[in-house]
Amino acid sequence: GDLDGAEPLLREAVEGCRETLSVWHPCTLESASSLGWLLRDRGDLDGAEPLFREALEGSRETLGDRHKRTLRLIGNYADLLREKGDLDGAQRQMGDAPEVARAVLGEDHEDTLVLDAKAARIEIALGEADATPLRATVARMEAALGAEHRITRKYSKLV
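The rules behind these values
- Residues numbered from 1 in each chain as written.
- Predicted model: local features only at pLDDT ≥ 70, side-chain atom pairs only at ≥ 80, totals over all residues.
- Heavy atoms only, no water.
- Helix = DSSP H or I, 4+ residues; strand = E, 2+ residues; numbered from the N terminus.
- Rg over C-alpha atoms; globule rule 2.2 N^0.38 Å.
- Buried < 20%, exposed > 50% of the residue type's maximum accessible area, 1.4 Å probe, protein only.
- Contact = heavy atoms within 4.5 Å.
- Areas by Shrake-Rupley, 256 points an atom, 1.4 Å probe, with all protein chains shown as cover.
- Lys, Arg positive; Asp, Glu negative; His and termini not counted.
- Charge placed at Lys NZ, Arg CZ, Asp CG, Glu CD.
- Phe/Tyr/Trp six-rings, centres within 6.5 Å; stacked < 30°, edge-to-face > 60°.
- 1 Å grid on protein atoms, 1.4 Å probe; cavity = no way out; pocket = protein on both sides within 12 Å on 5 of 7 lines; lining within 4 Å.
- Points joined across faces, edges and corners; volume = space filled by probe spheres on them.
- Nonpolar A, V, L, I, M, F, W, Y, C, P; charged D, E, K, R; others polar.
- Disulfide = S-S within 2.5 Å.
- Polar contact = N/O pair within 3.5 Å; in protein donor to acceptor, adjacent residues only side chain to side chain.

Participant: Any chance you could explain the overall build of the protein here in plain terms?
Facilitator: Looking only at helices and strands, one finds nine helices and zero strands in the protein. Listing the helices and strands of the protein from first to last along the sequence gives α-α-α-α-α-α-α-α-α. Taking 159 residues into account, the globule formula puts the C-alpha radius of gyration at 15 Å, and the protein, at 16 Å, falls close to it. Seen through its C-alpha atoms, the protein measures out along the principal axes to roughly 45 × 30 × 30 Å. Here the protein holds 159 residues, and the buried ones make up 39% of them. Here the analysis covers contacts within the protein between residues at least 6 apart in sequence; of these, 54% occur between residues at least 24 apart. Of the roughly 8100 Å² of accessible surface on the protein, 49% is carried by carbon and sulfur atoms. Within the protein, the 31 negative side-chain charges are centred at a point lying 3 Å from the centre of the 22 positive side-chain charges.

Take a look at the structure:
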């Protein structure tokens, strides 16, 4: 898509939601997250970080740490920090989110599997693990989601 053309529209949406709804309104949080993804996809990791953080803080405030949306945002923010090279920050943000996801969503839920894969990538980057945990997660993805599922294919390329 037209990432350059989408950016001003998303910025306008974020500001409009903040002004008319509230900082923690779901529309504001979703718009901030979407703008963060756009910036991340364009390689602007520094620009994406405060938006990911805002979406995560708002989700924690409104939905709590055990909500599916919050867990997904924890993984996204931790993965962004890993990409930026802030491995300690990534590990700190990820915390026990994979374990919480297993308890709340189940072992084979798509979001649990993605959190496990992102946590494994952080451990690999820190030198705390080889690719074995990531391979095991990809095997679980294949069993639960299928080998041709978009998420399975994405993480299969990394092992």
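Anyway, onward from the coordinates.
Participant: Help me out: how do you make sense of the packing of aromatic side chains in this one?
Facilitator: The geometry of an aromatic ring pair is captured by two quantities: the separation of the ring centres and the angle between the planes. What the rule picks out here adds up to one aromatic pair. Ring geometry for Trp37 versus Phe52: centroids 5.5 Å apart, planes at 55°, classification tilted. Placement of the pair is Trp37 in helix H2 (residues 26–41) and Phe52 in helix H3 (residues 45–63), with a sequence separation of 15 residues. Residue Phe52 is classed as buried on the basis of its relative accessible area, which comes to 3%.

Participant: Quick question: what am I supposed to make of the layout of surface pockets here?
Facilitator: Looking at the largest pocket, its volume works out to about 310 Å³. Contributing to the lining of the largest pocket are 16 residues, with Arg72, Asn76, Val114, Lys118 and Ile151 lying nearest its centre. Of all the elements in the fold, those that place two or more residues in the lining of the largest pocket are H2, helix H4 (68–84), helix H7 (110–126) and helix H9 (150–156). Residues that form the lining of the largest pocket fall into these classes: six nonpolar, three polar and seven charged.

Participant: I keep staring at the state of the cysteines and nothing clicks. Help me out?
Facilitator: Disulfide: a covalent bond connecting the sulfur atoms of a pair of cysteines. Going through the model one piece at a time under the given rule, you end up with one disulfide. Note on cysteine connectivity: Cys17 is disulfide-linked to Cys27, with sulfurs 2.4 Å apart. Of this pair, Cys17 sits in helix H1 (residues 3–20) while Cys27 sits in helix H2, and the two are 10 residues apart along the sequence. By relative accessible area, Cys27 is classed as partly exposed at 30%.

Participant: Got a minute to help me understand the environment of Ile74 in this structure?
Facilitator: By the element assignment, Ile74 lies in helix H4. With 19 residues separating them in the primary sequence, Ile74 and Gln93 have C-alpha atoms 6.5 Å apart. Setting aside its immediate chain neighbours within four residues, Ile74 contacts Leu56, Arg60, Gln93, Met94 and Ala97.

Participant: Whenever I open this one, the environment of His149 confuses me. Can you help?
Facilitator: Note that His149 resides in the loop between helix H8 (132–145) and H9. A polar contact of 3.1 Å, which involves the side chain of His149, links it to the backbone nitrogen of Ile151.

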